[in-house]
Amino acid sequence: MSGGGNLPIGPGIWGFIAFFVLAIALWFLVRNMNSRLRRMAYRDRDRAEQFAADADVVGTKDEPATAGTPDPDVDEPGDDPRPDGETPRP
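Now for a description of the structure that goes with this document. (Residues numbered from 1 in each chain as written. Predicted model: local features only at pLDDT ≥ 70, side-chain atom pairs only at ≥ 80, totals over all residues. Heavy atoms only, no water.)

## Observations regarding the overall build of the protein
Item 1. Scanning the protein from N- to C-terminus turns up one helix and zero strands.
Item 2. Counting over 90 residues, the protein shows a buried share of 0%.
Item 3. Total accessible area on the protein is roughly 8900 Å²; 62% of this is exposed by carbon and sulfur atoms. (Helix = DSSP H or I, 4+ residues; strand = E, 2+ residues; numbered from the N terminus. Buried < 20%, exposed > 50% of the residue type's maximum accessible area, 1.4 Å probe, protein only. Areas by Shrake-Rupley, 256 points an atom, 1.4 Å probe, with all protein chains shown as cover.)

Here you go:
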């Protein structure tokens, strides 16, 4: 047969270096994602606390907590999206 039985087959050192660089990049991306998610959770918590504090202040003035905030599900008569009065087609 052929006499080349000990030839190196595989990615070699450059394959290892490429894989190592990709692993480091993935580690940095996951670290950045975790910090952003943690920051977003803190902002949501602070926003909920501020909303609760505002609702308490509004509720102490003998008004309902939702006074002054329009209901997004109720359409006002003047909120017609088209001036000709036709309803848009889906």
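## Quick word on the pattern of salt bridges
Item 1. This model, assessed by the stated rule, comprises two salt bridges.
Item 2. Put simply, Asp-44 and Arg-47 hold a salt bridge, and the shortest N to O gap is 3.4 Å. With Asp-44 and Arg-47 both in helix 1 (residues 12–59), this residue pair falls three residues apart, about one helical turn.
Item 3. Overall, the relative accessible area of 56% leaves Arg-47 in the exposed class.
Item 4. Residue Arg-45 is joined to Asp-46 by a salt bridge in which the shortest nitrogen-to-oxygen separation is 3.7 Å.
Item 5. Classification of Arg-45 as partly exposed rests on a relative accessible area of 45%.
Item 6. Residue classification places Asp-46 among the partly exposed positions, given a relative accessible area of 40%. (Salt bridge = Lys/Arg side-chain N within 4 Å of Asp/Glu carboxyl O.)

## Describing a nonpolar patch on the surface
Item 1. The grouping of Ile-13, Trp-14, Phe-16, Ile-17, Phe-20, Val-21, Ile-24, Trp-27 and Phe-28 at the surface amounts to a nonpolar patch, some 1000 Å² of accessible area in total.
Item 2. Of note, Phe-20 is situated in helix 1. (Patch = residues over 30% accessible without salt bridge, like charges linked within 9 Å, V, L, I, M, F, W, Y side chains within 5 Å.)

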